[in-house]
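Spelled out from the first residue to the last, the chains are:
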Amino acid sequence: MEGKYVSTHPEVPGEPTKTGTAILETATATIQGFGPINKIHQHLCAFHFYGHDMTRQVEAHHFCGHQNEEFRQCLIYDRPDADGRLIGLEYIVSEDLFLTLPDDEKKFWHSHEFEVKSGVLFMPGVPGPIQRQDLEKVAKTYGKVIHFWQVDRGDTLPLGIPQVMMALTRDGQLYENLAQDVEKRYGVSFAEEREKRANMEGLAHGIHPLANAGSNGIKTVLREVDCKPVESVPRVFV
């Protein structure tokens, strides 16, 4: 897919972190536990686009931990270093769990089969044979992604309402200059990985027709509703 892509990392407004704040953080870090964060065991790099606008593509760094064999949850940052901004989150479920979802929920989830087998989803710094062991499992999953921060348009703060994101499902969708930028920075070749993953098995039942927004696109909108108390209900319950 051809188009203009500019990797943007806008500066967050505010005063630089003060020495006192840094010292306090160091002190509390030695006392408190960080159980949920400590469960994070892997870093995945992938690409998301807005559910209603495929031209808005974002590099997404996932830091994930398993809840169990069929469910993992990921914090998503715009970059993997200490200055990365938390821009969203993703839940990843097995095919079996996805199939238990109500039909009107399935449209919010995307398949991972193409992302994995095409080579564009990868683990930075992890040798190919090792990462492919886990990615064989990821290829058989679905994910639900919400982004809170629209860094692709240069927002310096998380503005607007959260948006459902989608993932790549076929060739020709990802911007070439975005792909080349990531390949260069991480020393990877999507084409070479694609060849090495050619024999991976995908979803046992194929990609569900209601997944990936049913191929129609999906946009999160804000709608005002009448919140006046219902007269027939005692106000103590309203």
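Going by an unreviewed UniProt entry, the chain carries the name Oil body-associated protein 1a and comes from Nicotiana attenuata. Under Sequence similarities (unreviewed entry), UniProt gives the following word-for-word description of the chain: "Belongs to the OBAP family."

Trainee: What exactly am I supposed to notice about the overall build of the chain here?
Mentor: Assigned secondary structure in the chain consists of eight helices and seven strands. The C-alpha extent of the chain, read off along each of the three principal axes, is 65 × 50 × 40 Å. Within the chain, the fraction of its 238 residues that count as buried is 39%. Long-range contacts, defined as pairs at least 24 residues apart, comprise 68% of the intrachain contacts of the chain with a sequence gap of at least 6. With an accessible surface of roughly 14000 Å², the chain has 55% of that area assigned to carbon and sulfur atoms.

Trainee: When you look at the state of the cysteines in this model, what are you seeing that I'm missing?
Mentor: Cysteine pairs can be linked by a disulfide, which is a covalent bond between their two sulfur atoms. Scanning the entire structure with this criterion turns up one disulfide. Put simply, Cys64 and Cys74 are joined by a disulfide, and their sulfur atoms are 2.1 Å apart. Every disulfide takes its handedness from the sign of the S-S torsion; for Cys64 and Cys74 that torsion is 105°, giving right-handed. Taken together, the positions of Cys64 in strand S2 (residues 53-68) and Cys74 in strand S3 (residues 71-77) put the pair 10 residues apart, joining distant regions of the chain. With relative accessibility at 3%, the residue Cys74 sits in the buried group.

Trainee: How do you make sense of the side chain of Glu90 when you look at a structure like this?
Mentor: By the secondary structure assignment, Glu90 is in strand S4 (residues 86-94). Among buried charged residues, Glu90 stands out as having no salt bridge; its nearest opposite-charge side chain is Arg72, 9.0 Å away. A distance of 3.0 Å separates polar atoms of two side chains, one belonging to Glu90 and the other to His112. Those residues in contact with Glu90 that sit more than four places away from it in its chain are His48, His62, Arg72, Gln73, Cys74, Ile76, His110, His112, Gly143, Lys144 and Val145.

Trainee: Is there a simple way to think about empty space enclosed by the protein in this case?
Mentor: Any space left empty among the atoms is revealed by the rolling of a water-sized probe across them. Here the structure, examined in full by the defined rule, presents two cavities of 30 Å³ or more. Put simply, the second largest cavity is a space of about 70 Å³. If you go around the second largest cavity, the residues you meet are Leu44, Ala46, His48, His62, Glu90, Ile92, His110, His112, Glu115, Leu121 and Val138. Elements supplying a minimum of two residues to the lining of the second largest cavity: strand S1 (42-50) and S4. With three residues, the top contributor of residues to the lining of the second largest cavity is S1. Residues that form the lining of the second largest cavity fall into these classes: five nonpolar, four polar and two charged.

Trainee: Whenever I open this one, the pairing of strand S6 (residues 141-147) confuses me. Can you help?
Mentor: Side-chain positions along a regular strand alternate between the two faces of the sheet. Counting buried residues in S6 gives seven out of seven residues, a clear majority hidden from the surface. Residue alternation in S6 divides its side chains into two sets, Thr141, Gly143, Val145 and His147 and Tyr142, Lys144 and Ile146, and both sets are buried. Across seven bridges, the pairing between S4 and S6 is antiparallel. Within S6, the residue paired with Ile92 across the bridge is Gly143.

Trainee: Can you help me understand the pairing of strand S7 (residues 163-167) in this one?
Mentor: For S7, the tally of buried residues reaches five of five residues, placing the bulk of the element in the interior. Alternating residues of S7 divide into Gln163, Met165 and Ala167 and Val164 and Met166, and every residue in both groups is buried. Strand direction decides the pairing type here: S1 and S7, joined by three bridges, are antiparallel. What sits directly across from Phe49, in S7, is Met166. Bridge count for S6 against S7 is three bridges, and the pairing is antiparallel.

Trainee: I would appreciate a short explanation of unusual backbone geometry in the present structure.
Mentor: Phi is mostly negative for residues that are not glycine, and the peptide bonds are mostly trans. Despite not being glycine, Asn212 has its phi angle at roughly 55°, a positive value. In this structure, Ser215 takes a positive phi of about 65° despite not being glycine. Note on Ser215: relative accessible area 69%, which makes it exposed.

Procedures and definitions
Residues numbered from 1 in each chain as written. Predicted model: local features only at pLDDT ≥ 70, side-chain atom pairs only at ≥ 80, totals over all residues. Heavy atoms only, no water. UniProt positions renumbered as here; feature names shortened; annotations may be inferred. Helix = DSSP H or I, 4+ residues; strand = E, 2+ residues; numbered from the N terminus. Buried < 20%, exposed > 50% of the residue type's maximum accessible area, 1.4 Å probe, protein only. Contact = heavy atoms within 4.5 Å. Areas by Shrake-Rupley, 256 points an atom, 1.4 Å probe, with all protein chains shown as cover. Disulfide = S-S within 2.5 Å. Lys, Arg positive; Asp, Glu negative; His and termini not counted. Salt bridge = Lys/Arg side-chain N within 4 Å of Asp/Glu carboxyl O. Polar contact = N/O pair within 3.5 Å; in protein donor to acceptor, adjacent residues only side chain to side chain. 1 Å grid on protein atoms, 1.4 Å probe; cavity = no way out; pocket = protein on both sides within 12 Å on 5 of 7 lines; lining within 4 Å. Points joined across faces, edges and corners; volume = space filled by probe spheres on them. Nonpolar A, V, L, I, M, F, W, Y, C, P; charged D, E, K, R; others polar. Pairing = 2+ DSSP bridges.

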